[in-house]
Amino acid sequence: GQLNATHMASNGEKTFAEGAFVEIKGLAKRADLNGKTAEVLYWAKGARRWAVRVIGSDEEGVRVKPRNLKMTMPASGPVVETGEEDEPIYIKKSDGMTLAVKPEHLKRRFEEIRQKYHFEDFMDRVSGYIVSDEGGPGVTAEDFAHEFDTSEADAEDFLAWINLSVAFREEQMEVAREAGITPPTKNGA
């Protein structure tokens, strides 16, 4: 098999792990691939490009420069920070304001908040509340802060990461459905 791609790209290349989902952007010769979702396969060292599989097509092993890939969903392994800044995503806050956040920053905040309030001890209750009727997708930061005794700012960031994860998963499922692929189930690794 291939070596794990996470360690292969160096000197400030944008680093992804195998299995990460990315969006292809800014290609001139293959403009038809711009905006398409692809899965990172491995780092082609000689070519200094990432080999990717374009979702919904039979194109596999397409080699793309790091700057032409934008992370949409990290692999299940750790996200590797690189010098290049990630592009922000936009989140609608409960007060109607739209906020631009960097996914890594949001994930870090989520982890900080989880530890600060020891959510790992009752994560079932937290996730139960988020999908329940009194919580649910429309749960506001104010409701969440009240329920779990957090500050509203912390509740806002915590919910933003969860909503982002859910929205992303739904988008991936939709892409897969349109392409006629059933998303892979995680086998007991």
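Residues numbered from 1 in each chain as written. Predicted model: local features only at pLDDT ≥ 70, side-chain atom pairs only at ≥ 80, totals over all residues. Heavy atoms only, no water.

### A few points about the pattern of salt bridges
- Applying the stated rule across the entire model yields 11 salt bridges.
- In this structure, the salt-bridge partner of Glu39 is Arg53, at a minimum N-O distance of 2.4 Å. Separated by 14 residues along the polypeptide, Glu39 in strand E2 (residues 37-44) and Arg53 in strand E3 (residues 49-54) bring together distant segments of the chain.
- Exposure remark for Arg53: the relative accessible area of 24% places this residue in the partly exposed category.
- Close ionic contact of Asp154 with Lys116 constitutes a salt bridge, the shortest N to O distance being 2.7 Å. With Asp154 in helix H4 (residues 152-179) and Lys116 in helix H1 (residues 103-116), this residue pair connects regions lying 38 residues apart in the sequence.
- Residue classification places Lys116 among the exposed positions, given a relative accessible area of 52%.
- Each member of the salt-bridge network shares a partner with another, and the members are Arg109, Glu112, Lys116, Asp154 and Asp157. (Salt bridge = Lys/Arg side-chain N within 4 Å of Asp/Glu carboxyl O. Helix = DSSP H or I, 4+ residues; strand = E, 2+ residues; numbered from the N terminus. Buried < 20%, exposed > 50% of the residue type's maximum accessible area, 1.4 Å probe, protein only.)

### Focus on the pairing of strand E1 (residues 21-24)
- Sheet topology places E1 next to E2; 3 bridges connect them, and they run antiparallel. Note that in E2 the partner of Phe21 across the bridge is Glu39.
- Judged from the 4 bridges that link them, E1 and strand E5 (residues 69-73) form a sheet pairing that is antiparallel. Bridging across to E5, Phe21 finds its partner in Met73. (Pairing = 2+ DSSP bridges.)

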